[in-house]
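This is what each chain is made of:
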Amino acid sequence: MSLLFRRASLASLGLAFGLSALALSPLMAQDTAPAQPAPAQPAAPAQPAAPVDPNAVVATINGQTLTEADLALAEGELSQQFAQMPPEQRRAAALSAAIEIKVMAAQAVTTGLDKDPDFQRRMAFLQQRALHGEMVEKVVLGKVTDAEIRARYDQEIANTPPTNEVHARHILVKTKEEADTIIKQLDGGADFQKLANEHTSDPSGKTSGGDLGWFGPGQMVPEFDKAVFALAVGKYTEQPVQSQFGWHVIQVEDKRAKQPPAFDQVKDQARQAVIRDKYIALVKSLRAEAKVEIPDEKLKKTVDALENTK
């Protein structure tokens, strides 16, 4: 399966734990909270906030009005600067910043800074960058449908070859001699889990009988990976397996077909893949229609190579 979906498994665990906490918290609250007397009268329902007129004037600076729409834009653009402030102060901080920007900008025009060639180039680039953002927002993000996201998920699943997962244990030791001794004990009928608890140098395996849980191909170092997937269920390695960590004795507990992640677990990743594909397709179509000339041949080859990787 693509990296997109391989990485989703751990993230989905966090999501599952989060949802479990949300589901359990009301029940826990019922068990632990002291009983409260019923109120004499039901609380009045919360009133919805009145809609804000975007054209309403918030402030006037040297005769120029600053509207609610201007203030909302300032709050959005400067949101990171105000992230640590209490919510009730953010509006005032945004207004103060907007006033500061307006008076400084006015002074810059008075002194002719707006005519500076470097400034004009920067302004032209910022305008183009903003328009690029509008294209992405309206033409790419705004056009993504749930059907396309589901289709991308189904495509990824269909293109993924079936693989097996293995549940294994291991005993990690420093020398081959130690590993050989452990294998001889196993041949004599010793319990693998007991030997793992006694001898493994893997901290996580000292109390779990060397349990590694379930994992798929490629998740372990190559030497370990090759050995563990070659073993039959219930068997252990007859020869020690060396890796960068030391010498392993491995036992396979079980095998099963690897199940793909549920759609809801990777929906966001699938959506990002659809967005990426739409964006690349749009750029390629526009680039194909544009006349682009790069006089520097070396630079042109580098740019062309970069474009071909998208």
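Note that this is a predicted model, so its numbers are computed, not measured.

### Remarks on the layout of surface pockets
Taken as a whole, the second largest pocket holds about 400 Å³ of empty space. Forming the boundary of the second largest pocket are Gln-64, Leu-66, Asp-70, Leu-71, Leu-73, Ala-74, Glu-77, Leu-78, Ala-98, Ile-101, Lys-102 and Ala-105. Listed by contribution, the elements that provide at least two residues to the lining of the second largest pocket are strand E2 (64-67), helix H3 (68-77) and helix H4 (87-110). Looking at the lining of the second largest pocket, the element that brings in the most residues is H3, giving five residues. Partitioned by chemical class, the residues of the lining of the second largest pocket number eight nonpolar, one polar and three charged.

### Regarding the sheet that holds strand E6 (residues 246-257)
Sheet strands line up and pair through hydrogen bonds in the backbone, either parallel or antiparallel. Judged by pairing direction, the sheet is antiparallel, and its four strands sit side by side in the order E4-E3-E6-E5 without closing on themselves. Edge positions in the sheet fall to strand E4 (211-215) and strand E5 (241-243), since each of these pairs with one other strand and no more. Pairs of neighbouring strands in the sheet enclose a mean axial angle of 40°, with direction left out of account. Sheet topology note: the E5/E6 ladder contains three bridges and is antiparallel. Paired with Val-241 across the bridge in E6 is His-248. Taken strand by strand, helix H8 (residues 192-199) contacts strand E3 (164-173) and E6, and its axis lies near 50° from that of E3. Lying on the sheet, helix H9 (residues 222-230) is in contact with E3, E4, E5 and E6; it crosses E6 at an angle near 50°.

### Let's talk about a nonpolar patch on the surface
Together, Phe-119, Met-123, Phe-125 and Leu-126 make up a nonpolar patch on the protein surface, roughly 380 Å² of accessible area in all. Looking at the element boundaries, Phe-125 is found in helix H5 (residues 117-140).

### Brief notes about the side chain of His-167
Along the chain, His-167 turns up in strand E3. With a relative accessible area of 16%, His-167 lands in the buried category.

### Description of the environment of Ile-171
Residue position: Ile-171 is located in strand E3. Taking the C-alpha atoms as reference points, Ile-171 and Gln-193, separated by 22 residues in sequence, lie 8.8 Å from one another. Setting aside residues no more than four positions away along its own chain, Ile-171 makes contact with Ile-182, Phe-192, Leu-195, Ala-196, His-199, Thr-200, Trp-247, His-248 and Val-249.

### Concerning H5
For H5, spanning 24 residues, the distance from its first C-alpha to its last is 33 Å, which sits close to the expected 34 Å at 1.5 Å a residue. For H5, the side-chain oxygen to backbone nitrogen distance between the N-cap and Asp-118 is 3.0 Å, and the N-cap itself is Asp-116.

### Points about the packing of helix H6 (residues 146-158) against helix H10 (residues 263-289)
Think of two packed helices as two axes; the pair is described by the angle between the axes and how far apart they sit. At a minimum axis distance of 8 Å, the contact between H6 and H10 shows a crossing angle of 105°. As summarised for this structure, H6 and H10 are arranged roughly perpendicular, according to the angle between their axes. Two secondary-structure elements touch here, H6 through Asp-146, Glu-148, Ile-149, Arg-150, Arg-152 and Tyr-153 and H10 through Phe-263, Val-266, Lys-267, Ala-270, Arg-271, Ala-273, Val-274, Arg-276, Asp-277 and Lys-278. Grouping the constituent residues of the contact of H6 with H10 by class yields seven nonpolar, no polar and nine charged.

### Quick notes on H9
Along H9, the positions that sit buried rather than exposed are Phe-224, Asp-225, Ala-227 and Val-228. Check the buried side of H9 and you find it contacts E3, E4, E5 and E6.

### Quick look at the environment of Leu-172
Tracing the backbone shows Leu-172 in strand E3. The exposure class assigned to Leu-172 is buried, which follows from its relative accessible area of 10%. As for Leu-172 and Thr-200, which are separated by 28 residues in sequence, their C-alpha atoms are 4.7 Å apart. Excluding anything up to four places from it in sequence, Leu-172 contacts His-199, Thr-200, Ser-201, Asp-202, Phe-245, Gly-246, Trp-247 and His-248.

### A closer look at the pairing of E2
On a regular strand, each side chain points to the face opposite its neighbour's, so the side chains alternate between the two faces of the sheet. As defined by bridge partners, strand E1 (residues 57-61) adjoins E2 across four bridges and the pair is classed as antiparallel. Bridged to Ala-59 within E2 is Leu-66. In this antiparallel pair of consecutive strands, E1 and E2, the connection spans two residues, and Asn-62 shows a positive phi of 50°.

### Some thoughts on unusual backbone geometry
Backbone geometry places Asn-62, a non-glycine residue, at a positive phi of 50°. In this fold, Asn-62 is placed in the loop between E1 and E2.

### So, the confidence of the model for the protein
Averaged over every residue, the pLDDT of the protein is 85; the share at 70 or more is 84%. Confidence drops under pLDDT 50 across residues 1-42; counting only partners more than four residues distant or on other chains, this segment forms 17 contacts.

### Section: the environment of Lys-267
By the element assignment, Lys-267 lies in helix H10. Given the relative accessible area of 32%, Lys-267 is considered partly exposed. Remark: the alpha-carbon pair of Lys-267 and Arg-150, spanning 117 residues in sequence, is separated by 7.8 Å.

### Re the packing of H3 against H4
In contact at an axis separation of 9 Å, H3 and H4 are set at 100° when each is read in the N-to-C sense. The angle between the axes of H3 and H4 places the two elements in the roughly perpendicular class. Residues Glu-68, Leu-71, Ala-74 and Glu-75 of H3 pack against Arg-90, Arg-91, Ala-94, Leu-95 and Ala-98 of H4. Partitioned by chemical class, the residues of the contact of H3 with H4 number five nonpolar, no polar and four charged.

Thresholds, definitions, all that
Residues numbered from 1 in each chain as written. Predicted model: local features only at pLDDT ≥ 70, side-chain atom pairs only at ≥ 80, totals over all residues. Heavy atoms only, no water. 1 Å grid on protein atoms, 1.4 Å probe; cavity = no way out; pocket = protein on both sides within 12 Å on 5 of 7 lines; lining within 4 Å. Points joined across faces, edges and corners; volume = space filled by probe spheres on them. Helix = DSSP H or I, 4+ residues; strand = E, 2+ residues; numbered from the N terminus. Nonpolar A, V, L, I, M, F, W, Y, C, P; charged D, E, K, R; others polar. Pairing = 2+ DSSP bridges. Axes fitted to C-alpha atoms, helices over the stretch in contact; angles between N-to-C directions. Contact = heavy atoms within 4.5 Å. Patch = residues over 30% accessible without salt bridge, like charges linked within 9 Å, V, L, I, M, F, W, Y side chains within 5 Å. Areas by Shrake-Rupley, 256 points an atom, 1.4 Å probe, with all protein chains shown as cover. Salt bridge = Lys/Arg side-chain N within 4 Å of Asp/Glu carboxyl O. Buried < 20%, exposed > 50% of the residue type's maximum accessible area, 1.4 Å probe, protein only. Expected span 1.5 Å × (residues − 1). Polar contact = N/O pair within 3.5 Å; in protein donor to acceptor, adjacent residues only side chain to side chain. Parallel < 35°, antiparallel > 145°, perpendicular 65-115°, else oblique. pLDDT = per-residue confidence, 0-100.

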